[in-house]
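Observations on the three-dimensional arrangement
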Amino acid sequence: MNINSLKYFVKACKDKNFTKSSKDLFITQQAFSRIISNLEKELSTSLFKRNSRGVELTEIGEYIYPKADKLIKQFDAFEDDINEKVQLKKRKLDIGFAPGTLRTLGSKSIVEFSKKFLEIDIVIHEYTDIACESNVLNGTLDMACTINPMNTIDFSYYNLKKDYLVAVVNKNNPIAKKQSINFTDLRNEKLILLDETFRIQSLIMENFVEAGFEPDILLKCTFELLIAYDFVALNKGVFIFVNCLANTGGYDEICCIKVNSPTAIWDIGFLVKKDTIINENMKIFMNYFLNRNNQNIII
């Protein structure tokens, strides 16, 4: 005996007509009659008496009906309670990813995390660095993976990875012969930079100020980085970018040269609004990737 058979039985008790019951349940009358017949065989007794108007309950059917109806209501309440508990436990995490960070964490690693922690529903949002910060502050995002904003008043920041910058140059440019360069080596170069929606742009500009000159900017990029590589391939400028994100594989004419600077560092990590209580699921997600990158986990 299963709960569905009892539900069909109770439906027939209320309707007193198999045709109506089967129509309401979107099954054929033959299928409905077979379910009732199988239940009667299982109980070794008849539950209904057939007449010209439909059906009426037998004595044993009258006895079973209120008990079956009560049992179904208890089962439905039990099922609703369990579903509610499961939904409460399954916590949605809205996470913002700044350009390059999702690639750094690895899409495959995100998928592996989701398979391992089924109770955590990860919702991925891709924003610029500045937009990640704004959406963490206004509560749209639970957290973000972005560049360090150096703002301890509004945010708590958990470092994930650091990398140096590179000058993407044409191989015919004299800079290409160097092992590494300083910002002063870029004084006479036309430069291709990221626009102001990227935090690293402000870091780069601060280094130019320290080097004592204003950069000659040819172009500022948003997300169309191929344009930057195309200009470098034509030897029209030098593109300043992040080492691990620079992808010059499709261009034989260009190469990457390390930029030496203790302050121009691509420092990415997890960003949480200051004084936010980090719930268990946020902690599980952050610690999963902090541990993979050999960083201190959150206790």
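Summarised in this report is the structure supplied together with it. What you see is a predicted model; the values in this text were computed from it and never measured. (Residues numbered from 1 in each chain as written. Predicted model: local features only at pLDDT ≥ 70, side-chain atom pairs only at ≥ 80, totals over all residues. Heavy atoms only, no water.)

**Things to note about the overall build of the chain**
Selection criterion: Working definition: helices are DSSP H or I runs of at least four residues, strands are E runs of at least two. Numbering for both runs from the N terminus. Note on areas: these come from Shrake-Rupley sampling with a 1.4 Å probe, and a residue is covered only by the protein chains present in the view. Think of it this way: Lys and Arg go in the positive column, Asp and Glu in the negative one, and His and the chain ends go nowhere. To locate a charge, take NZ of a lysine, CZ of an arginine, CG of an aspartate or CD of a glutamate.
Secondary structure assignment for the chain yields 10 helices and 12 strands. A principal-axis box enclosing the C-alpha atoms of the chain has dimensions of 100 × 40 × 30 Å. Summed over all atoms, the accessible surface of the chain reaches about 16700 Å², with 51% contributed by carbon and sulfur. One finds the centroid of the 38 positive side-chain charges in the chain at a distance of 7 Å from the centroid of its 38 negative side-chain charges.

**Section: the packing of aromatic side chains**
Inclusion rule: In this analysis, rings of Phe, Tyr and Trp, with Trp reduced to its six-membered ring, are considered paired at centre separations within 6.5 Å, and the interplanar angle assigns stacked below 30 degrees, edge-to-face beyond 60, and tilted for intermediate values. Buried means the residue's accessible area, taken with a 1.4 Å probe over protein chains only, is under 20% of the maximum for its type, while exposed means over 50%, and partly exposed covers the values in between.
On inspection of all chains with the given rule, the structure shows 18 aromatic pairs. For the ring pair Phe183 and Phe208, a centre distance of 5.1 Å and an interplane angle of 90 degrees mean the geometry is edge-to-face. Placement of Phe183 in the loop between β7 (180–181) and β8 (190–194) and of Phe208 in helix α8 (residues 199–211) is noted, with a sequence separation of 25 residues between them. Just as Phe183 is buried, Phe208 falls in that class too. Judged by centre distance (5.3 Å) and plane angle (70 degrees), the ring pair of Phe208 and Phe213 falls under edge-to-face. On the basis of relative accessibility, which here comes to 10%, the residue Phe213 falls in the buried class.

**A few points about the nonpolar core**
Stated formally: Nonpolar cores are built from buried Ala, Val, Leu, Ile, Met, Phe, Trp, Tyr and Cys residues. Side-chain atoms within 4.5 Å join them into one set. Contact criterion: two residues are considered in contact whenever any of their non-hydrogen atoms come within 4.5 Å of each other.
Judged by nonpolar contacts, the single largest core of 42 residues is most densely connected at Leu186, Ile200 and Phe239. Every residue in contact with Ile200, bar those within four places of it in the chain, is listed here: Asp129, Ile147, Leu165, Leu194, Val242 and Trp266. Leu105, Val272, Leu290 and Ile298 belong to the second largest nonpolar core, which has 24 residues in total.

**Focus on the environment of Ile240**
With respect to the secondary-structure elements, Ile240 resides in strand β10 (residues 238–242). Judged by relative accessible area, which is 0%, Ile240 ranks as buried. Separated by 71 residues in the primary sequence, Ile240 and Val169 have C-alpha atoms spaced 8.9 Å apart. Setting aside chain neighbours within four positions, we find Ile240 in contact with Leu165, Val166, Ala167, Leu186, Ile192, Leu193 and Ile204.

**Quick word on the pairing of β8**
Quick reminder of the rule: A pair of strands counts as paired when DSSP detects no fewer than two bridges linking them. Handedness of a crossover is defined as follows: with both strands directed away from the viewer, a clockwise route from the first strand across the helix to the second makes it right-handed.
The buried count for β8 comes to four of five residues, which makes it a mostly enclosed element. With five bridges joining them, β8 and strand β9 (residues 216–221) adopt parallel strand pairing. Paired with Ile192 across the two strands is Leu219, which belongs to β9. As a crossover connection, the stretch from β8 through α8 into β9 is right-handed. The pairing of β8 with β10 spans two bridges and is classified as parallel. In the strand pairing of β10, Ile192 is matched with Phe239.

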